Amino acid sequence: MLKLKEQFNLQRDVVFDLLKKEASVCRVKEYSEDVDTRILNIERDGSVLYSWKGATVTTRIGKYDPNTKQNKLLYTFDKQVCVSSCSLNKEETLLAVSLAQNTSGQERLKPISKCLTLLIEIHPINNTKVLKAVDCRVKVQFLHQQTEVKSALESHLLLFAEDGYVDLYHVLLSKHEGYRVVISNPERMSRTAERIVEDFCWAQWDGHTQRLYCLTRKDKFVLRCIQFYPNQSCDSVFELVLKLPANAFHTVRFVSLGFDHYHVEKPEQELVRMQVFTNQNGSMCVCYSHPLTDKQELTYVVVLVHKDCSKRFRVSLGNDALNSGRLHPLFIPIGYYILVYLQGCFLHCINTRQQELLCHSLFLTGQDVNLGAQLQSDALTVMHKDDESGVRLLELASGSIRTAELSPAYLLQILRSDARARCPSGRTDPRRLAALHCLLVFLGDDPKLELKVVEWLCDDMNTFESFDQIQEFILASLFRICYKKSLGLDKVLPYSCLFEKKEVPACLLELPGVLCTTELHIVPDFKGKAARLQGFWAELQWNTERTKCLNAASNPRYRTSHIRADWDKLRSESKASSHVNHLENTKKVLSVVDTWCLDKKLVPLFQEEDHQQRAFIGLTVDKLREHLNRYLPQLGKKKIDSLVVNYVAKLLELIRHMLESAWLKYKLGPHVLCLATKGGPAEWAVFHFMLRILECTQSLCLPLPPGYHTLFAVFAVRCLPHQTFLQYIDHGFLQLTETFVSRLMTDLDNSEANERLKFGVLKRLPKPMEQRIYHMWDHPVSSASISRDYVKTLLEKHSKNKGFVFAGREKPSFRPEFLPLTYLAKMLSDIESQALNPFEEKENVDARFVEESALMQTLIQLGFEEK
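The rules behind the values
Residues numbered from 1 in each chain as written. Predicted model: local features only at pLDDT ≥ 70, side-chain atom pairs only at ≥ 80, totals over all residues. Heavy atoms only, no water. Helix = DSSP H or I, 4+ residues; strand = E, 2+ residues; numbered from the N terminus. Buried < 20%, exposed > 50% of the residue type's maximum accessible area, 1.4 Å probe, protein only. Contact = heavy atoms within 4.5 Å. Areas by Shrake-Rupley, 256 points an atom, 1.4 Å probe, with all protein chains shown as cover. Salt bridge = Lys/Arg side-chain N within 4 Å of Asp/Glu carboxyl O. Phe/Tyr/Trp six-rings, centres within 6.5 Å; stacked < 30°, edge-to-face > 60°. Lys NZ or Arg CZ within 6 Å of the ring centre and 35° of its normal. Core = buried A, V, L, I, M, F, W, Y, C linked by side-chain atoms within 4.5 Å. Axes fitted to C-alpha atoms, helices over the stretch in contact; angles between N-to-C directions. Parallel < 35°, antiparallel > 145°, perpendicular 65-115°, else oblique. Left-handed = near helix turned anticlockwise from the far one by under 90°. Nonpolar A, V, L, I, M, F, W, Y, C, P; charged D, E, K, R; others polar. Pairing = 2+ DSSP bridges. pLDDT = per-residue confidence, 0-100. Arc of directions from axis to C-beta.

Digging into the overall build of the protein chain
Moving on, step 1. Helices and strands together make up the secondary structure of the protein chain, namely 21 helices and 32 strands.
Moving on, step 2. For the protein chain, with 867 residues in total, the buried portion stands at 53%.
Moving on, step 3. Pairs at least 24 apart in sequence give 62% of the contacts found in the protein chain among residues at least 6 apart.
Moving on, step 4. As presented, the protein chain carries roughly 41200 Å² of accessible surface, and 50% of it is formed by carbon and sulfur atoms.

Rendered as structure tokens:
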């Protein structure tokens, strides 16, 4: 499920280097490889702090720089000590260390404290200041602020005591002799320390964002967040009430505050495991697991602060899991997914953005859900992620740090697995739906990956029982191009075809093996004033408030089917002039498509004037823009306009991309456009694929690229029997375009079968198009039709201008409707010079035949001849 890449290995990157240096300094031929190297902390910049036992049986502290791949000695104690916590300031001038005091043997008789906390000057090594000497564990952590000052003469140290308080030390520094950095007024440092938290039972440090999360309890559990700013100030910006068991924490818990190798807590003592994860786009998830119940159920909760809801999951565990002693799952954040992993039992990949339906989250069970053969969940530590570099996993026992990403190959395997035979009634559909969304939305920025999904669509001709995979592909891919702009779009834009259904299929409303209950309205409290809430906190506050408003609104999500009335109205309008209102929108969209497709001319799309599809494109832009302006006006009109144009352009590009993939898969060339030959298996497969795309877009009221209907009709006439082809027209699957019909008339010969097909097509054309098509067909019937229309036009024009007035002659004795042929010929000759010649510059026209046809039609009108 995860793609792992090793970034750091303690043995390779540190131990081998130490062995070389120790051997050279101590001049020993043989040196023990057991140097007892232990990772102590990972700083914000990725530097690894570690301790080891030197050749002289002293404890040393070093740093590994991931950028330079170099190790550096920071400090050497004069004896062997037990380092339980360590931190290095950003300028590498101060080292804070907590030592677990050895109270065994002779030391037991001395009145010493259990923990000694020191502040050491290391630039160069100089004085040592004792900060704390207490009988409880102490954690230390320097703030690493992003400042423009290269050499700051002030450092800030957080000190966490197991007694339940956090102190902030402001350490003033000064330079001596131009290079020596020492502490100014060390005796005042303890007196000026600020106590920023009291009575906490759980604390988590987020080094990347410089945030401290603390859990306190009086009447109820309250999660607080303290934000540290670059100007060295801090502020309590956030509070959230959590529903935890009363006995959740027997001892104080520290998360992401280094690694204490001298204090190992037993799994049964950890009643609640909890972590907080945030993302730059303004999302926050609070995850915690409950102890096992008598029902052998594992319960874990994910509080989605940005979605104003909390989800409680319950998973039944087998006897093997209970006997393994694994009581708590591991929470791993990857993008906007939270992976809940219990080795050998289950892996739940929770979608924290598309959380309304369970089927958009992936749940796997069994032995095949292990993250990797080399990883054991009990030994893993999740290191707080950088939004750019992703999450990192530390296996403390081996000293290995690996980056973790979701594996596209594994997700593609889920899509392609032929599980339908093993699991009837669509039970595998939720798994495939979740995998498809993860591939398209979260991992879909890779064009090669999108191509593999399209290939899967081409290969899998059968639709699923509960959802249409092409509709899901289109909507999920469209959602990907805009979901990063704002979390509010999750509630406004469609990302799944399930929202278009009157009723979601039952198999998608639940996941086998997991039960879920949702609680709405979690009521977070943002403590800072509006002016001070900036960056992440302003975004999170806006997201929570907007989510509450959208939850209260009626139909906030844009549904393509809501514009069906406008869609049908445009379809019924035959005149291109009625589409003028949408032309400007269409020009913007097609200009974007042209920019994307300059070198992509494999499939003949976007090469003709398809007035109806152009009108549909403009209508879609209008309606989507109107919807976003109504529900997300905070985005601004300019941003919304750009988003909508790119959204519709991406839709057209997706369809072109699907057709190109099918074109390449079946190795089609220009010959497929020849109407005179019958289509083979390859053409039939592409025709069927195009039919599925057409059905999907029609049911969703989505426009198609101009030229799509022409191309589809070409494949249809080559693959289908002529009678079936005409039935496709009658049932609305085929729309006859002027480009296609003109090619049909000219490319096919006038054999008996082809004549019947052409007559059938002509009967189904609107009158204006039929008249234009007759000019392109070399056939007596077309010539007769042209003649009739020509005479009719002349007579109508003459009737309007002059009526039936006989100049220079007396009124005839017969009735006016029976005109003699001589009068008709004279009248035609009089006005012929004033009318446009329909045969001018036209090929395949017999003038003599036209005269005879006119005469014959007159005789028929007068009753002298029969049809």
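With respect to the pattern of salt bridges
A side chain of one charge can pair with a side chain of the opposite charge when the charged atoms of the two come close.
Moving on, step 1. Counting across every chain of the model gives 35 salt bridges.
Moving on, step 2. Among the ionic pairs, lysine 623 bridges to aspartate 566, the shortest N-O distance being 3.5 Å. Here lysine 623 is found in helix α11 (residues 611-631), whereas its partner aspartate 566 is found in helix α9 (residues 564-572), with 57 residues between them in sequence.
Moving on, step 3. Taking the relative accessible area as the measure of exposure, lysine 623 reaches 23% and is therefore partly exposed.
Moving on, step 4. Classification of aspartate 566 as partly exposed rests on a relative accessible area of 30%.
Moving on, step 5. Note that glutamate 683 is salt-bridged to arginine 718, the shortest N-O span being 3.8 Å. Linking glutamate 683 in helix α13 (residues 681-700) with arginine 718 in helix α14 (residues 708-719), this pair joins segments that are 35 residues apart in sequence.
Moving on, step 6. Of the residues examined, arginine 718 reaches a relative accessible area of 4% and is grouped as buried.
Moving on, step 7. It is possible to trace a salt-bridge network through shared partners that takes in Asp445, Glu450, Arg480, Lys484 and Lys650.

Things to note about the packing of aromatic side chains
Moving on, step 1. Under the defined criterion, the tally for this structure stands at 26 aromatic pairs.
Moving on, step 2. Aromatic side chains phenylalanine 8 and tyrosine 64 sit 5.1 Å apart centroid to centroid with 50 degrees between the ring planes, which places their arrangement in the tilted category. Taken together, the positions of phenylalanine 8 in strand β1 (residues 2-9) and tyrosine 64 in strand β4 (residues 59-65) put the pair 56 residues apart, joining distant regions of the chain. Tyrosine 64 matches phenylalanine 8 in its accessibility class, with the two residues each being buried.
Moving on, step 3. On the numbers, 5.0 Å between centres and 25 degrees between planes, the contact of tyrosine 336 with tyrosine 337 is stacked.
Moving on, step 4. When its relative accessible area of 7% is taken as the criterion, tyrosine 336 is described as buried.
Moving on, step 5. Within the aromatic cluster, the residues linked to one another by ring pairs are Tyr336, Tyr337, Phe442, Phe479, Tyr483, Tyr495 and Phe499.
Moving on, step 6. We note arginine 211 situated over the ring of phenylalanine 536; from NZ or CZ to the ring centre the distance is 4.1 Å.

Some words on the nonpolar core
Moving on, step 1. In terms of nonpolar packing, the biggest core is built from 165 residues, with Tyr300, Phe346, Leu406, Met658, Tyr708, Phe725 and Phe740 touching the most fellow members.
Moving on, step 2. With 15 residues, helix α12 (residues 637-665) is the single largest residue contributor to this core.
Moving on, step 3. Excluding residues that lie within four positions of it along the chain, phenylalanine 725 makes contacts with Ala713, Ala716, Val717, Leu720, Leu734, Leu736, Phe740, Leu757 and Val761.
Moving on, step 4. Formed by 31 residues, the second largest nonpolar core is a distinct cluster that contains Cys201, Leu223, Phe238 and Val301.

Focus: unusual backbone geometry
Moving on, step 1. Cis rather than trans, the peptide bond between histidine 123 and proline 124 has omega equal to -5 degrees.
Moving on, step 2. On the secondary structure map, proline 124 appears in the loop between β8 (115-122) and β9 (125-134).
Moving on, step 3. For glutamate 92, which is not a glycine, the phi torsion comes out positive at approximately 60 degrees.
Moving on, step 4. Mapping glutamate 92 onto the fold places it in the loop between β6 (83-88) and β7 (94-100).
Moving on, step 5. The backbone phi angle of valine 523 is positive, close to 55 degrees, even though this residue is not glycine.
Moving on, step 6. You can call valine 523 exposed: its relative accessible area is 58%.

Here we look at the packing of helix α6 (residues 447-459) against helix α7 (residues 469-480)
Moving on, step 1. The N-to-C vectors of α6 and α7 enclose an angle of 165 degrees; their axes lie 11 Å apart at closest approach. Classed by the angle they form, the pair α6 and α7 counts as roughly antiparallel. At the point where α6 passes α7, the crossing takes the left-handed sense. Here Glu450, Val453, Val454, Trp456 and Leu457 of α6 lie close against α7, whose contacting residues are Gln469, Ile470, Phe473, Ser477 and Arg480.
Moving on, step 2. In the contact of α6 with α7, the residues fall into six nonpolar, two polar and two charged.

Some thoughts on the sheet that holds strand β2 (residues 38-42)
Moving on, step 1. Spatially, four strands are ordered β2-β3-β4-β5 in an open sheet, and the strand pairing comes out antiparallel. Of all strands in the sheet, those with a lone pairing partner are β2 and β5 (70-76), marking the two edges. For this sheet, the mean inter-axis angle between neighbouring strands, taken without regard to orientation, is 30 degrees.

Some points on the pairing of β8
Moving on, step 1. Burial within β8 is extensive, with eight of its eight residues counted as buried.
Moving on, step 2. What you see with β8 is no split at all: Cys115, Thr117, Leu119 and Glu121 on one side and Leu116, Leu118, Ile120 and Ile122 on the other are buried throughout.
Moving on, step 3. Pairing analysis gives seven bridges linking β7 to β8, with the strands arranged antiparallel. Pairing of serine 98 across the sheet is with threonine 117, part of β8.
Moving on, step 4. Hairpin geometry of β8 and β9 is characterised by an intervening segment of two residues between the two adjacent antiparallel strands.

Section: the confidence of the model for the protein chain
Moving on, step 1. In this model, the protein chain carries a mean pLDDT of 83, and residues with pLDDT of at least 70 account for 81%.
Moving on, step 2. Below a pLDDT of 50 lies the segment residues 27-31, which in the model reaches seven contacts outside its immediate sequence neighbourhood of four places, other chains included.
Moving on, step 3. Residue range residues 419-425 is modelled with pLDDT below 50. Its contacts to residues more than four positions away, or to other chains, number 11 contacts.

A look at the pairing of β5
Each regular strand shows side chains that alternate between the opposite faces of the sheet.
Moving on, step 1. Strand direction decides the pairing type here: β4 and β5, joined by six bridges, are antiparallel. Along β5, the bridge assignment pairs glycine 62 with leucine 73.
Moving on, step 2. Connecting β4 to the antiparallel partner β5 that follows it, the hairpin turn spans four residues, and lysine 69 within it adopts a positive phi of roughly 60 degrees.

What to know about the packing of α12 against α13
Moving on, step 1. Packing of α12 against α13 brings their axes to within 10 Å, and their N-to-C directions diverge by 165 degrees. Relative to α13, α12 is oriented roughly antiparallel. Read as a crossing pair, α12 and α13 show a hand that is right-handed. Here Ile655, Met658, Leu659 and Ala662 of α12 lie close against α13, whose contacting residues are Val686, Phe689, Met690, Ile693 and Thr697.
Moving on, step 2. Of the residues that constitute the contact of α12 with α13, the class distribution is eight nonpolar, one polar and no charged.

Section: helix α15 (residues 722-730)
Moving on, step 1. Burial in α15 covers these residues: Phe725, Leu726, Tyr728 and Ile729. One side of α15 carries all its buried residues, which in axial view fall inside an arc of 150 degrees.
Moving on, step 2. In this structure, the buried side of α15 is in contact with α13, α14, α16 (738-747) and α17 (752-763).
Moving on, step 3. Looking one or two places after α15, you find glycine 732, whose phi comes out positive at around 85 degrees.

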